[in-house]
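Tertiary structure, described
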Amino acid sequence: MLSINKRTPLQGVTITASSNEQIIATAVTDINGNFQLTNLAAGTISIVTFAQNFVNTPQTIVLSPGETQQIILSLTPLTGTITGTVINQQTGEPVQGASVEIDSFLPQVLSLQQL
């Protein structure tokens, strides 16, 4: 699993495989962003990622008997809004035209790849 923006691995993302609403396999991405789900039965399988601050969107795959698939999963970051008022500390009055800068906000779209 890599950050599309930075091309750096993302570790610690939980990947689950389900069939008929039953979890049949779970994996966690390693330090290189890789994961593997093994011993999956043939049929329709739902793959879901669980990563904090990202939308968890299921993907469905269909496996044939004996088949191995390489898949790419994309994660979309959850977004938010910051609102507020800049106040003059001495007067307590709002400061008109003040600029606010966000220093450590890096939105990312992430991609997962099964190897």
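Everything below is about the structure shown above.
Residues numbered from 1 in each chain as written. Predicted model: local features only at pLDDT ≥ 70, side-chain atom pairs only at ≥ 80, totals over all residues. Heavy atoms only, no water.

1. As for the pairing of strand β4 (residues 43-50)
Pairing of strand β2 (residues 14-19) with β4 involves five bridges; the strand directions are antiparallel. In the sheet register, Ala-17 faces β4, and the bridge partner there is Ile-47. Alignment of β4 against strand β6 (residues 59-63), held across five bridges, turns out to be antiparallel. Residue Ile-45 lies in a different strand from β6, and its bridge partner there is Ile-61. (Pairing = 2+ DSSP bridges. Helix = DSSP H or I, 4+ residues; strand = E, 2+ residues; numbered from the N terminus.)

2. With respect to the environment of Val-13
Among the structural elements, Val-13 can be located in the loop between β1 (2-3) and β2. Measuring from C-alpha to C-alpha, the distance between Val-13 and Thr-49 comes to 6.8 Å, with 36 residues separating the pair along the chain.

3. What to know about the sheet that holds strand β3 (residues 22-28)
Backbone-to-backbone hydrogen bonds join strands into a sheet, with any given pair of strands oriented parallel or antiparallel. Reading across the sheet, the four strands line up as β3-β2-β4-β6 and stay open at both edges, with antiparallel pairing between neighbours. Here the strands that pair on one side only, and so sit at the sheet edges, are β3 and β6. Strand-to-strand twist in this sheet, taken as the mean axis angle between neighbours without regard to direction, amounts to 25°. Looking at chain direction, β2 and β3 are connected through six bridges and run antiparallel. Residue pairing across strands places Ser-19 opposite Gln-22, the latter belonging to β3. (Axes fitted to C-alpha atoms, helices over the stretch in contact; angles between N-to-C directions.)

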